[in-house]
Amino acid sequence: MKIRASISSKINALVVCSLLVLGISSVVISSYSLINRGNEEAAGYRTAIMAEKRAMLTNLVGAVYNIAEQNYKESQGSSDVALKAKTLAAINSFRYGKDGTDYFYTMDTGSRSMLQHPKESLVGKPDTFFKDPDGKQQIVAQMDIALKQGAGFDEYKWAKLGEKEPQPKLTYVKHFKEWNMAFATGIYTDDVDKAIAIKKEEISAAIFSQIYWQGGVVIGLILLAMALAYPIVSI
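Here the structure is a predicted model, which is why all the values come from computation and not from measurement.

Draft legend 1. Representation of the pattern of salt bridges within the structure. This structure, assessed with the given rule, holds six salt bridges. Residue K136 is joined to D154 by a salt bridge in which the shortest nitrogen-to-oxygen separation is 2.4 Å. Placement of the pair is K136 in the loop between strand 2 (113-116) and helix 3 (138-149) and D154 in strand 3 (residues 151-159), with a sequence separation of 18 residues. With its nearest N and O atoms 3.4 Å apart, the salt bridge here joins D190 to K160. One end of the pair, D190, is in helix 4 (residues 190-233); the other, K160, is in the loop between strand 3 and strand 4 (166-176), and 30 residues separate them in sequence.

Draft legend 2. Region of the structure containing the environment of A89. Inspection of the secondary structure puts A89 in helix 2 (residues 81-93). The partly exposed category is assigned to A89, whose relative accessible area is 47%. Residues A89 and H117 lie 28 residues apart in sequence; the distance between their C-alpha atoms is 9.8 Å.

Draft legend 3. Inspection of unusual backbone geometry at higher detail. Of note, the phi angle at R112 is positive, near 50°, even though the residue is not glycine. Tracing the chain through its elements places R112 in the loop between strand 1 (104-108) and strand 2. Positive phi outside glycine occurs at N180, with the angle close to 55°. Structurally, N180 can be placed in the loop between strand 4 and strand 5 (181-188). Accessibility expressed as a relative area gives 39% for N180, which makes it partly exposed.

Draft legend 4. Quick peek at the side chain of Q116. Note that Q116 resides in strand 2. Taking the relative accessible area as the measure of exposure, Q116 reaches 4% and is therefore buried. Only 2.9 Å separates the side chain of Q116 from the side chain of N92, close enough to count as a polar contact. Side-chain polar atoms of Q116 contact the backbone oxygen of F104, separated by 3.0 Å.

Draft legend 5. Representation of the pairing of strand 1 in the model. With respect to burial, strand 1 is a largely interior element, five of its five residues being buried. Because side chains alternate across strand 1, one face comprises the buried residues F104, T106 and D108, and the other comprises Y105 and M107, equally buried. Examined bridge by bridge, strand 1 and strand 5 share five bridges and lie antiparallel to one another. Opposite M107, over in strand 5, you have A182 as the bridge partner. As paired strands, strand 1 and strand 2 are joined by three bridges and run antiparallel to one another. Looking across to strand 2, one finds that T106 is bridged to Q116.

Draft legend 6. Looking closely at the nonpolar core. The biggest cluster of nonpolar side chains holds 21 residues, and the ones touching the most others in it are L57, F176, W179 and F183. Elements that contribute at least two residues to this core include exactly helix 1 (2-74), helix 2, strand 4, strand 5 and helix 4. No other element matches the seven residues that helix 1 contributes to this core. Sequence-distant contacts of F176, defined by excluding residues within four places in its chain, comprise Y65, A68, E69, Y72, M181 and F183.

Draft legend 7. Looking closely at the sheet that holds strand 3. Strand order in this open sheet of five strands is 2-1-5-4-3, and the pairing throughout is antiparallel. Among the strands making up the open sheet, the edge pair consists of strand 2 and strand 3. Averaged over neighbouring strand pairs, the angle between their axes works out to 35° when direction is ignored. Relative to strand 4, strand 3 runs antiparallel, the two sharing nine bridges. Residue pairing for strand 4: A159 is matched across the bridge by P166. Most of the contacts of helix 2 go to strand 2, to which it runs at about 85°, and overall it touches strand 1, strand 2 and strand 5. Strands strand 1, strand 2, strand 3, strand 4 and strand 5 of the sheet are contacted by helix 3, whose axis makes an angle of about 175° with strand 3.

Draft legend 8. Highlighting helix 2. A rise of 1.5 Å per residue sets the reference length of helix 2, with its 13 residues, at 18 Å; its end C-alpha atoms lie 19 Å apart and thus fit the reference within 8%. Restricting attention to buried positions, one finds in helix 2 the residues L83, T87, L88 and I91. Viewed along the axis of helix 2, the buried residues span an arc of 135°, placing them on a single side of the element. Residues of helix 2 that are exposed and point over 90 degrees away from its buried face: V81, A82, K86 and S93.

What counts, and where the lines are drawn
- Here the residue numbering is sequential within each chain, running from 1 through the sequence in written order.
- For this predicted model, a pLDDT threshold of at least 70 governs which residues receive local features, and a threshold of 80 or more governs which side-chain atom pairs are given and counted, while totals over whole chains, interfaces and linings are taken from all residues.
- Excluding hydrogens and water, the side-chain values take into account all heavy atoms of the structure.
- Salt bridge, as used here, is a side-chain nitrogen of Lys or Arg placed within 4 Å of a carboxyl oxygen of Asp or Glu.
- Going along the chain from the N terminus, every DSSP run of H or I of four or more residues is numbered as a helix, and every run of E of two or more is numbered as a strand.
- A 1.4 Å probe rolled over the protein chains alone gives each residue an accessible area, and that area as a share of the maximum for its type sets the label: buried under 20%, exposed over 50%, partly exposed in between.
- Here a polar contact means two N or O atoms within 3.5 Å. Within protein one must be a hydrogen donor candidate and the other an acceptor candidate, and residues neighboring in sequence count only if both atoms are side-chain atoms.
- Here the rule is simple: two strands pair whenever DSSP picks up at least two bridges between them.
- Residues grouped as a nonpolar core are buried Ala, Val, Leu, Ile, Met, Phe, Trp, Tyr and Cys residues, joined through side-chain atoms within 4.5 Å.
- Residue contacts are defined here by distance: any two heavy atoms, one from each residue, within 4.5 Å place the two residues in contact.
- Helix axes use the C-alpha atoms of the stretch in contact, all axes being lines fitted to C-alpha atoms, and the angles between their N-to-C directions lie in the range 0 to 180 degrees.
- Multiplying 1.5 Å by the residue count of a helix minus one yields the expected span of that helix.
- Throughout, the arc means that of the directions going from the helix axis to the C-beta atoms.

Have a look at this one:
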């Protein structure tokens, strides 16, 4: 009897240990997979948001470009100073965004200087004047994009109108070579980082909830196995 009990105890101990190892391995592997999926979901969420913002900026600058192009056609291809001034004045008045603080600005690709900007003190400044907190000369970069690529995006840091603290910004610029102008507008992406942070918290909460649930199931199965094995051990 004692031998039988001893053998049964060892067998049951081995079974329980095996279940414990399998359970822990299952939870670890599952957790790793869930975390990877969570990271991929967060990255995909950011990509989707940025794609929407890029499309919006492209359309906005495209609208301003069309206005300038139409005015140019009406001038029959001439360099009408008055018409240029009228066009720039119109662009300078445009606002959009949630608080109506997002704006457009225009660069002179000939002299590589700021031609139009809501902040009048910046008008006439050379492209090398502008520099973000990280040392990037964003207007130099945007001039190069306009002249070399025709159009494109630029990322840098810049303070919002009426504020002092620089925030990450995404800008789209497009060259209107007929008038040696480059139209641009940008939107701040600090809200994207906030949205991503919230999304990551939601994903993390869901992942850990799943991990806790799986861990509870594994522990429950192990306890059940031990309970079922107990009568055999006590023979």
